[in-house]
Amino acid sequence: MQLDPSVVLVSGGAGYIGSHAVHVLKTAGFTPVVIDSLVNGNLWATRGASAFRKGDIGDAGFVRTVCDEFRPVAALHFAAFIEVGESVKAPEKYFMNNREKARVFFDTLAGKGVRNVVFSSTAAVYGEVTESAPIREDRPTRPVNPYGQSKLDAETHLRSITGVNSVALRYFNVAGAEPDAGLGEAHFPETHLIPRIVLPLIDAPEAVQSALGLATGFKIFGTDYPTRDGTAVRDYIHVMDLADAHVRALRYLLEGGKTDVFNLGSGAGYSVKEIVEAARTTLKRSDFKPGVELRREGDPATLIADSTKARDILSWRPERGVEHMIDSAAAWHRSPTYTDTILKKATIASS
Ligand code: UFG
């Protein structure tokens, strides 16, 4: 089968990171074809795609049909479940979706001659991190939850497929939005720090805040960590910088680059209190005072990426700082699309 060198299949392209990657792919001149089951994704998030087909990555017949129709030269694989806490409660759901279905997807692609794959992986593959130094890709991978293990297993399988070149991108903490393109995160439930700070600060509708467990305001989880101010330190990266890294990884593979793995983070750590401070300043809400709760189970003190390898090999550099993440998230969370999506998901969840 003659492949089309501009067509890129994007699984999970109706999700948060996938939809931003589609937007950047299109701008870069590619033809992104989205497949998504819409179990968690949103139809509105596919508006930037050249084509959309609803279906499951674990359905080999569906994937073959889409490959026959569009003849993609490469695939970006985002489709996955992403909640660490849920993965501990329902490990089989994570191993089925993130590992078994990913295997079917990768094998089917290989069978159709799709030999370039960029895979969304996670810092969760590293597992228990006790040191505060930035993490390099050669650090041992010892996931401590089914989410991290399922992603690592998918990485391992992908690397083992003869004739397929792949890049696994291990993300650290992703935030921000591209409101001008009508894109942003609309998770339900929403567990991530930046949206949970931003929503109360922009006075999001009460129904949205209560559906997301924010009725009593934003709470800092733990102030007794061995860090500079007692709160946990993370490496935040803007979703558009992350999307840009995918396009660079894709070009790297299309130019003959070898199978590899890259961390994606800024290399700088922010504590929860520092993010709160940045949000107070950026959103001009000096009156904002967060509450405090005990630590959330399984949260390490410090997670910072060493992304030297991505800088050296992919010439990738994150360009948008924490203020941009907060500001763009605020603009997105004010949009009717976001509010409607959360209210709909809340209604479905309670019915
Ligand atoms: N936090 C709060 N209050 C909240 C929400 C979060 O204090 O309401 C804290 C958390 O305890 C943590 C920090 O903010 O210390 C960041 O929490 P996030 O939930 O935003 O992100 P995590 O670092 O827990 O997880 C992220 C991704 C995971 C991925 C992991 C890899 O969301 O998918 O990084 O390290 F697995």
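Our structure is the block above this text.
Residues numbered from 1 in each chain as written. Predicted model: local features only at pLDDT ≥ 70, side-chain atom pairs only at ≥ 80, totals over all residues. Heavy atoms only, no water.

Trainee: Break down the sheet that holds strand S9 (residues 233-234) for me, with residues and values.
Mentor: Taken in spatial order, the 3 strands line up as S12-S9-S14 in an open sheet, and their pairing is mixed. The sheet is open, and its two edges are formed by strand S12 (270-271) and strand S14 (302-303), each paired on a single side. Direction of pairing for S9 relative to S14: parallel, over a ladder of 2 bridges. Across the sheet, the residue bridging to Val233 is Thr302, located in S14. (Pairing = 2+ DSSP bridges. Helix = DSSP H or I, 4+ residues; strand = E, 2+ residues; numbered from the N terminus.)

Trainee: Give a detailed account of the site of the ligand, specifying residues and quantitative values.
Mentor: Near the ligand there are 22 residues, and of these His192, Leu193, Arg234, Arg296 and Asp299 occur at the shortest range. Separating a nitrogen atom of the ligand from a backbone N or O atom of Lys219 is a distance of 2.8 Å. Arg234 is positioned such that a nitrogen or oxygen atom in its side chain is 2.7 Å from an oxygen atom of the ligand. Protein coverage of the free-state accessible area of the ligand, which is 690 Å², stands at 91%. When contributions to the shell around the ligand are tallied by element, the ones reaching two or more residues are helix H6 (193-201) and strand S8 (219-221). The leading source of residues in the shell around the ligand is S8, at 3 residues. The residue inventory of the shell around the ligand, partitioned by class, reads 13 nonpolar, 4 polar and 5 charged. (Near = heavy atom within 4 Å. Polar contact = N/O pair within 3.5 Å; in protein donor to acceptor, adjacent residues only side chain to side chain. Areas by Shrake-Rupley, 256 points an atom, 1.4 Å probe, with all protein chains shown as cover. Nonpolar A, V, L, I, M, F, W, Y, C, P; charged D, E, K, R; others polar.)

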